[in-house]
Amino acid sequence: MSNDAAVEKQNIPGVKEKKTQERFVYQDDEVIEKPFNWGQFSRLFSYMKPYAKQLLPIVIVMMVLGTITKLTVPYLTSLAIDRAIAPTDGSSPSLTLLYWIAGGILLLYIIQWVAATIRIKYTNIIGQRVIYDLRSDLFKHIQKLSFSFFDKRPAGSVMVRITNDINSLQDLFTNGVVNLLIDCVQLVGIIVILMFINWKLGLAVVLTVPLMFFISTKLRVKIRRAWQDVRMKNSRINSHLNESIQGIRVTQAYTQEEENMKFFDQMNMTSRKSWNRASTMNQAFGPLIEITGGVGSLILFWFGAYLIQEGELTIGLLVAFANYVGNFWDPINRLGQMYNQLLVAMASSERIFEFMDEEPGIADKPGAKPIPTIQGNIKFENVIFEYEKGRQALKGIDLDVQAGQSIALVGHTGSGKSTIINLLSRFYDVTEGKLTIDGYNIRDITIRSLRSQIGIVLQDTFIFSGTIRDNIRFGRLNATDKEVEAAAKAVNAHEFIMKLPGGYETEVEERGNVLSMGQRQLLSFARALLADPRILILDEATASIDTETELKIQDALKVLLEGRTSFMVAHRLSTIRNADNIIVLDHGEIKEQGNHEQLIQKQGIYNGLIEAQFRFL
Ligand SMILES: Nc1ncnc2c1ncn2[C@@H]1O[C@H](COP(=O)(O)OP(=O)(O)OP(=O)(O)O)[C@@H](O)[C@H]1O
């Protein structure tokens, strides 16, 4: 397989459209095929190694057995004609011999069937195990990658790699590799037999091979790509559907249904056109492929008849020849397809390995030690942080927090509040300066020991599919039912949970739509309380909730914060007022700090923020 022939790097037309249709979530992930690359090929196939010794020998034995039996059948047929039905030596036909040969052929078919069944079973086992390993390796690795990795990519493209790219390798591993071997063995076997029976006729048939190969690779590729294009267009529709359903509230709220419909219609139309194109191509080229197969047979019978007249060939051997030739086109066709499949696999595996080779930006230093039980003294020393080089999100933060203190972070949007909590959990590393917890630089301790002692309650509380109980238990998986309920009671969540149709066993969906904002927040408090972290980070919800829930949340917060160091991105006055230290951020710098009264007296930014809040009320 030459490389240049393989450089059919295919930018499906749709990919170009990406620029004009930025709304797509699904990015079609670049190219579909890539040139053959040995390094990558062997890396991909190293996944087969663990199973090679154990399972491959069975597959190979079955494959050889299947091929031998398959290739023996036409020979036996020729014997049946030339020796039993119309003996070429002039003797009378023999029915007994015919029965024996027929019995032999039947036996060969049975062996062939058994060999194929065993072979398919084992290739499937190998293929599925390889795919399983590949998928888990990729998922395991992606989970370790830091936030900066995800910042750069839409979630859709990460998902496409785990699903589509891995799936596209599935066929290669389950059928492709073994079929490739079978086809090669079969082809060589047939050529040898043909030459052996009659080299002249053999040569005449073999000469048509390049033509067949050309047709099967070139024309079939066109057809296959056209169908690939159809699939891609359909994926876009699906991805858009997903986005539309997720965003249905926004669409309806902004009465964008018609606009959305137009957009969908356009995509739908593109899909239809692409289907029509593929179907036309199928109709045009499909028969052509069949006809070329016929040309081979024509040469065979024309030249074969001539050889029979010349006394160089018997009828039985011509029939055997025709059978062998019939078995000949299939492997050639499949080899052409296999070659294309390999190019697709190259593109998929390149993308998979690109992710696997991505180093987690945030990782334990060699020799990092777990931090002992955290007391909660936190110190930022001249911390500078940049998400992107040259753009400082934090510009020299100095902050000294004592164990047990509650800190409220306030400031305009984009002032750096979330960035501070991101650094504290070590989702990113500081660019300059130092961040210590109980005197330990957080770069020197293990991430696991740090994060397991930090609890985070995010603004958009994530509710997993499962029961309410499961969702609370997510804070500490080994918590007993009693502990789950005690946590819920402590944060005032028990009461509303008991009013739900199934109580703690009520099933909630991914986005927790059956629960109100306040309820979701109480659930997440219970989850955090159960985890019992030494440091608590809280991104407070901005949505206004009724006074009763507000009071419940405040009470819950008191329980939650007790004895812990806490950082809150605070929006509610009630929360801010109770904080021990309020940090006012502005453009990545601390502009003011102190408690509520002190800051009000200062008549500075904080005072302005509070007044603005009151003006709003
Ligand atoms: N993942 C990111 N990649 C690049 N820049 C980012 C990223 N996240 C935040 N920023 C930038 O860093 C600055 C601080 O953002 P940050 O999210 O900390 O603000 P914030 O005070 O929490 O804002 P808000 O109240 O709106 O949540 C902003 O200018 C923002 O654009």
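Our subject is the structure that appears above.
I will try to describe carefully the structure that is included in this document. A quick note: this is a predicted structure, and the numbers were derived from the prediction, not measured.

## Describing the overall build of the chain
Scanning the chain for helices and strands turns up 22 helices and 12 strands. Residue burial in the chain is summarised as follows: out of 617 residues, 47% are buried. Counting only contacts in the chain whose residues sit at least 6 apart along the sequence, the fraction spanning at least 24 positions is 78%. Entry remark: accessible area of the chain is about 32000 Å², with carbon and sulfur atoms responsible for 58%.

## Quick look at the site of the ligand
Around the ligand there are 14 residues in total, and T413, G414, K417, S418 and T419 lie nearest to it. Coverage of the ligand by the protein chains reaches 66% of its 630 Å² of free accessible surface. Elements supplying a minimum of two residues to the shell around the ligand: β1 (378-388), β2 (391-401) and α13 (417-424). If you tally residues by element for the shell around the ligand, the top one is α13, at 3 residues. Residue composition of the shell around the ligand, grouped by class: 3 nonpolar, 7 polar and 4 charged.

## As for the packing of aromatic side chains
Scanning the entire structure with this criterion turns up 9 aromatic pairs. For the ring pair F45 and F173, a centre distance of 5.1 Å and an interplane angle of 50 degrees mean the geometry is tilted. Of this pair, F45 sits in helix α3 (residues 38-45) while F173 sits in helix α7 (residues 155-197), placing them 128 residues apart in sequence. The buried category is assigned to F45, whose relative accessible area is 16%. Measuring from ring centre to ring centre gives 5.1 Å for Y387 and Y428, while their planes differ by 85 degrees; the resulting arrangement is edge-to-face. With Y387 in strand β1 and Y428 in the loop between α13 and β4 (432-437), the pair connects residues that are 41 residues apart, well separated along the chain.

## Concerning the nonpolar core
Ranked by internal contacts, the top residues of the largest apolar core, which has 42 residues, are I468, I472, I497, F525, L538 and I582. By residue number, the principal contributor to this core is helix α18 (residues 517-531), which donates 7 residues. When residues no more than four places from it in sequence are discounted, the contact partners of I468 are I497, L500, G503, Y504, T506, V508, L515 and L523. If you look at the next biggest cluster of nonpolar residues, it comprises 37 residues, including I126, L134, F149 and I166.

## Comments concerning helix α12 (residues 315-356)
Over its 42 residues, α12 runs 60 Å from end to end, which matches the ideal 62 Å to within 8%, given 1.5 Å per residue. Here α12 lies mainly inside the structure; 31 of its 42 residues are buried.

## A few points about the sheet that holds strand β5 (residues 440-441)
With antiparallel pairing, 4 strands are arranged side by side in an open sheet as β2-β1-β4-β5. Edge strands, defined here as strands with exactly one partner in the open sheet, are β2 and β5. As defined by bridge partners, β1 adjoins β2 across 8 bridges and the pair is classed as antiparallel. Bridge pairing in β2 links K379 to D400. Against the sheet, α13 engages β1, β2 and β4, with an angle of about 110 degrees to β1.

## What to know about α13
Counting buried positions along α13 gives 7 out of 8 residues, so the element sits mostly inside the fold. Considered for burial, the residues of α13 that qualify are K417, T419, I420, I421, N422, L423 and L424. One or two steps after α13, the chain reaches R426, where phi turns positive at roughly 55 degrees.

Rules used in this analysis
Residues numbered from 1 in each chain as written. Predicted model: local features only at pLDDT ≥ 70, side-chain atom pairs only at ≥ 80, totals over all residues. Heavy atoms only, no water. Helix = DSSP H or I, 4+ residues; strand = E, 2+ residues; numbered from the N terminus. Buried < 20%, exposed > 50% of the residue type's maximum accessible area, 1.4 Å probe, protein only. Contact = heavy atoms within 4.5 Å. Areas by Shrake-Rupley, 256 points an atom, 1.4 Å probe, with all protein chains shown as cover. Near = heavy atom within 4 Å. Nonpolar A, V, L, I, M, F, W, Y, C, P; charged D, E, K, R; others polar. Phe/Tyr/Trp six-rings, centres within 6.5 Å; stacked < 30°, edge-to-face > 60°. Core = buried A, V, L, I, M, F, W, Y, C linked by side-chain atoms within 4.5 Å. Expected span 1.5 Å × (residues − 1). Pairing = 2+ DSSP bridges. Axes fitted to C-alpha atoms, helices over the stretch in contact; angles between N-to-C directions.

It is worth stressing that arrangement in space is one thing and function is another; only the former is reported here.
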